[in-house]
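A structural walkthrough
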Amino acid sequence: MALYKEGLAFRYIQGTKYHRDKSLKDNLGPIPAVRSIKTYPDAERLQLPKPDLSRSADLWQCLSRRRSERDTTPDSLSLNELATLLWAAQGVTARIGIHLLRTAPSAGALYPFETYLYADHIESVPQGLYHFNVQDFALERLKVGNFNRDMTSACLGQPVVRRAAAVFIWTAMMLRCMVKYRDRAVRYIPMDLGHVCQNVQLAATAMDLGSCPIGAFFDDDINQLLEIDGEDETALYLITVGKLN
Ligand SMILES: Cc1cc2nc3c(=O)[nH]c(=O)nc-3n(C[C@H](O)[C@H](O)[C@H](O)COP(=O)(O)O)c2cc1C
């Protein structure tokens, strides 16, 4: 057999297939249920303004114009722009029972990820690392300071990260999805985040901002910056945002 077929990529797809003639039983043992939303109750809070949805944008135009933009300027994002991007990513649009439904779909409405922000130059937001509190539409401050070098170096030195006004970081909350979907969760979490990321790109396009998805990064460098364990919760996807000339 070709060696690449024994590698992780092939084994991952083959090993997580559903088969008509095979039971869904596995030998993973019990998987503990975890909280559906993460919060940092002791963190200082920055309440976000309501997103500005008054400026309409044509969906077809946004789809045609969407590009990954890497040359953003040193101009700051406004707090309203940031709030609108976060709403596009993970705004709560309906409540059904315990589920807070969002702007993007998620397998089983489990939303097995968290959104963090590195604010580099955003009006009224001191430079630093934040966690986005979905329920309260607020930022929770994790660390104050200039983490531009750390972020850029963690992302393989990519200049797009150095130039960005803001970097959103999405982490996978493995157990939140595995408790229902077991190993197949490894497919659904990146699918969920693909939707979220596209929402941010379309919202950025609608506001004439530049954004660029980032999949190339040293995972544990980002995990260490966020002080998360890199196992139950691990960084999976990032996007940069900034102003365009
Ligand atoms: C999963 C994923 C990971 C990506 N990672 C990076 C990255 O690390 N750095 C980068 O500059 N662009 C990255 N991109 C952007 C792609 O290079 C870009 O989408 C592609 O070249 C097509 O260009 P377009 O988005 O402008 O249509 C990534 C895109 C996706 C979907």
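The structure this text deals with has already been given above.
As the structure is a computational prediction, the values presented were derived from the model and not from experiment.

What about the site of the ligand?
Taken together, Arg66, Arg67, Ser68, Arg70, Gln158, Cys212, Pro213, Ile214, Gly215, Ala216 and Tyr237 make up all the residues around the ligand. Between the ligand and the protein, one listed contact pairs an oxygen atom with a side-chain N or O atom of arginine 67 at 2.8 Å. In the environment of the ligand, a nitrogen atom lies 2.7 Å from a nitrogen or oxygen atom belonging to the side chain of glutamine 158. Starting from 620 Å² of accessible surface for the ligand in isolation, the protein chains cover 56%. For the shell around the ligand, the leading source of residues is strand S8 (residues 209-214), giving three residues. A breakdown of the residues in the shell around the ligand according to their chemical character gives five nonpolar, three polar and three charged.

Some words on the sheet that holds strand S4 (residues 113-119)
Note: strands within a sheet are paired through backbone hydrogen bonds, in either parallel or antiparallel orientation. Strand order in this open sheet of seven strands is S1-S6-S5-S4-S7-S9-S8, and the pairing throughout is antiparallel. One side of each edge strand has no neighbouring strand; the edge strands of this open sheet are strand S1 (44-47) and S8. Ignoring which end each strand starts from, the neighbouring axes of this sheet average 30° apart. With six bridges joining them, S8 and strand S9 (residues 233-243) adopt antiparallel strand pairing. Paired with leucine 209 across the bridge in S9 is lysine 243. Contacts from helix H7 (residues 185-206) reach S4, strand S7 (166-173), S8 and S9 within the one sheet, and its direction differs from that of S9 by about 10°.

Let's talk about the nonpolar core
Grouped together as the largest cluster of nonpolar side chains are 37 residues, with contacts concentrated most on Leu48, Leu82, Leu85, Leu117, Leu139, Phe168 and Trp170. Those elements that provide at least two residues to this core are helix H3 (79-90), S4, strand S5 (128-133), S7, H7 and S9. The element contributing the most residues to this core is H3, with seven residues. The next biggest cluster of nonpolar side chains, apart from the first, holds 23 residues, and it includes Ala164, Cys212, Leu225 and Leu226.

Remarks on unusual backbone geometry
Notably, serine 124 is not glycine yet its phi reads approximately 65°, a positive angle. In this fold, serine 124 is placed in the loop between S4 and S5. Classification of serine 124 as exposed rests on a relative accessible area of 59%. For phenylalanine 137, which is not glycine, the phi torsion reads 50° and is therefore positive.

Thoughts on the environment of serine 76
Topologically, serine 76 is positioned in the loop between helix H2 (59-65) and H3. When the C-alpha positions of serine 76 and alanine 165 are compared, they lie 6.2 Å apart, and in sequence the two are 89 residues distant. If near-sequence neighbours (up to four positions away) are discounted, serine 76 is found in contact with His121, Ile122, Glu123 and Lys243.

Some words on the pairing of S7
For S7, a buried count of eight out of eight residues is recorded, marking the element as mostly surrounded by other parts of the structure. Side chains Ala166, Phe168, Trp170 and Ala172 of S7 all project onto a buried face; the interleaved residues Val167, Ile169, Thr171 and Met173 project onto the opposite face, where all are buried too. As judged from the seven bridges shared by S4 and S7, these two strands associate in the antiparallel manner. By the bridge assignment, phenylalanine 113 is partnered in S7 with alanine 172. Alignment of S7 against S9, held across eight bridges, turns out to be antiparallel. In the strand pairing of S9, methionine 173 is matched with glutamate 233.

Criteria and thresholds
- Residues numbered from 1 in each chain as written.
- Predicted model: local features only at pLDDT ≥ 70, side-chain atom pairs only at ≥ 80, totals over all residues.
- Heavy atoms only, no water.
- Near = heavy atom within 4 Å.
- Polar contact = N/O pair within 3.5 Å; in protein donor to acceptor, adjacent residues only side chain to side chain.
- Areas by Shrake-Rupley, 256 points an atom, 1.4 Å probe, with all protein chains shown as cover.
- Helix = DSSP H or I, 4+ residues; strand = E, 2+ residues; numbered from the N terminus.
- Nonpolar A, V, L, I, M, F, W, Y, C, P; charged D, E, K, R; others polar.
- Pairing = 2+ DSSP bridges.
- Axes fitted to C-alpha atoms, helices over the stretch in contact; angles between N-to-C directions.
- Contact = heavy atoms within 4.5 Å.
- Core = buried A, V, L, I, M, F, W, Y, C linked by side-chain atoms within 4.5 Å.
- Buried < 20%, exposed > 50% of the residue type's maximum accessible area, 1.4 Å probe, protein only.

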